[in-house]
Structures are given as C-alpha cells and as structure tokens.
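Listed below, chain by chain, are the residues.
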Amino acid sequence: MRILVLHGPNLNLLGTREPQVYGSATLADVQLATEALAAELGVTLSHTQHNSEGGLIDRIHAARADCQGIVFNPGGYTHTSVALRDALAGTAIPFVEVHISNVHARESFRRESLLAPIAIGQVAGFGLASYTLGLRGIVEWLRSRSG
Ligand code: CA2
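Residues numbered from 1 in each chain as written. Predicted model: local features only at pLDDT ≥ 70, side-chain atom pairs only at ≥ 80, totals over all residues. Heavy atoms only, no water.

**Q** It is not clear to me how the pattern of salt bridges should be interpreted in this structure. Could you clarify?
**A** If the charged atoms of two oppositely charged side chains come close together, the side chains can form a pair. One pass over the full model with this rule turns up four salt bridges. Between Asp 66 and Arg 59 there is a salt bridge; the shortest N-O distance is 3.3 Å. Taking relative accessible area as the criterion, Arg 59 reaches 14% and is therefore assigned buried. One network of salt bridges, in which partners are shared, links Arg 106, Glu 107 and Arg 110. (Salt bridge = Lys/Arg side-chain N within 4 Å of Asp/Glu carboxyl O. Buried < 20%, exposed > 50% of the residue type's maximum accessible area, 1.4 Å probe, protein only.)

**Q** Just checking my understanding: could you explain the site of the ligand for this structure?
**A** Surrounding the ligand, one finds 17 residues, the nearest of these being Asn 73, His 79, Ile 100, Ser 101 and Arg 110. His 79 is positioned with one of its side-chain polar atoms (N or O) 2.7 Å from an oxygen atom of the ligand. For the ligand, an oxygen atom lies 2.9 Å from a polar atom in the side chain of His 99. Against a free-state accessible area of 510 Å², the protein chains account for coverage of 94% of the ligand. (Near = heavy atom within 4 Å. Polar contact = N/O pair within 3.5 Å; in protein donor to acceptor, adjacent residues only side chain to side chain. Areas by Shrake-Rupley, 256 points an atom, 1.4 Å probe, with all protein chains shown as cover.)

**Q** When you look at the sheet that holds strand S3 (residues 69-73) in this model, what are you seeing that I'm missing?
**A** Backbone hydrogen bonds hold the strands of a sheet together, and the pairing may be parallel or antiparallel. The sheet built from five strands is open, its strands ordered S2-S1-S3-S4-S5 with parallel pairing. Every interior strand has two partners, whereas the edge strands, strand S2 (44-49) and strand S5 (121-124), have only one. Here the strands of the sheet are splayed against their neighbours by 20° on average, with no regard to which way each runs. Pairing geometry for S3 and strand S4 (residues 95-99), over three bridges, is parallel. Bridge pairing links Val 71 to Val 96 in S4. Sheet strands touched by helix H2 (residues 27-41): strand S1 (2-7) and S2. Its angle to S2, the strand with the most contacts, is close to 165°. (Pairing = 2+ DSSP bridges. Helix = DSSP H or I, 4+ residues; strand = E, 2+ residues; numbered from the N terminus. Axes fitted to C-alpha atoms, helices over the stretch in contact; angles between N-to-C directions. Contact = heavy atoms within 4.5 Å.)

**Q** Explain the environment of Val 43 here, please?
**A** Tracing the backbone through its elements, the reader meets Val 43 in the loop between H2 and S2. Looking at Val 43, the relative accessible area reads 9%, which means it is buried. Sequence spacing of Val 43 and Ala 65 is 22 residues, and the spatial spacing of their C-alpha atoms is 16 Å. If we skip the residues at most four places from it in the chain, Val 43 touches Met 1, Ala 38, Val 139 and Arg 143.

Just geometry here; none of it tells us what the structure is for.
Right, dumping it as structure tokens:
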C-alpha cells in the first residue's frame with residue numbers, strides 16, 4: 001500500500017517562521033516521523049509539497065496511478081479551493097485532511113473547509129502528530145475496507 005503525504009502552500013516554511021502557531025518541526029521532520037510510522041505499519045509513502053494549486057491538482061491526478069490514499073495538509077487552500085475539491089472528488093482517492101494548528105480555535109475563516117466534507121476525516125491541532133495520526137487513520141480505514 002502506498003500513501004501520498006501531500007503539503008500545500010507555504011508549508012515549506014515550517015520550522016522557520018511562526019513557531020508559536022506551527023511549532024519548530026520542519027517538513028523534513030514530518031517526513032522522518034511519518035516514515036518511521038510507515039515502517040511500523042508496513043506501508044510505503046511518497047512525499048510532495050507544492051505552493052501552487054495546479055501543482056497540487058496534478059499530483060492528485062497522478063496519485064490515481066500509484067497511491068491508495070492521501071494524507072493532505074492543503075494549507076490556506078483548505079478554505080478557498082473549489083478546484084482542489086473537484087480534483088479530490090474527481091479522482092475519488094480517499095484522503096485525510098490534516099492541520100498542524102487547531103483551525104477551529106483561530107480566525108473564523110479557518111473554521112470552514114471546502115475539502116473536509118469529502119474527506120474520510122480531519123485531524124487538527126496536534127502539530128507534527130496530526131500527520132502521524134492521519135496516517136494511522138487512513139491506513140486502518142483502507143485496511144478495514146480491503147477485507
Ligand atoms: O495548521 C495548518 O496546518 C494549516 O493548514 C496551515 C496553513 C493555514 O493557512 C491553515 O489555515 C492551517 C498555513 C501554512 C503556512 O505555514 C507556515 C509555516 C511556517 C511559517 C509560515 C507559514
């Protein structure tokens with residue numbers, strides 16, 4: 001089983017700015033932590049970050065060929081992107097929406113997600129652990145459906 005760990009815009013800045021909101025872990029730390037869990041779970045990961053909506057959409061389309069699920073932090077596009085929702089709905093790849101911060105405890109515009117209604121679920125507020133919790137969740141979900 002291969003799972004795509006996909007990061008949206010500005011997440012390449014993780015660990016370099018706003019540590020009070022996003023913590024001090026970097027994207028490399030997220031990769032290390034998710035790889036350690038993937039080894040435990042016996043699954044393979046691909047890791048990608050894009051700042052552009054088009055780059056994210058192209059990777060989601062490509063995932064039809066090589067991934068069974070996506071652990072996705074869509075960043076700011078969470079709250080705005082009909083195009084990303086269409087890509088996720090159109091490919092029908094199961095995904096978990098993850099956020100480092102608790103989006104429900106911040107500005108009101110962050111409470112709305114255009115993607116969560118078509119996700120398996122959402123994990124928010126656990127810092128780097130949002131990714132490992134999301135990964136555990138999607139692998140269990142996929143395994144429970146594959147018989
Ligand atoms: O909490 C999350 O993971 C977010 O997806 C992060 C997005 C934000 O727009 C969402 O509402 C919640 C922002 C990503 C920007 O990441 C930065 C990291 C370090 C420094 C600056 C930005």
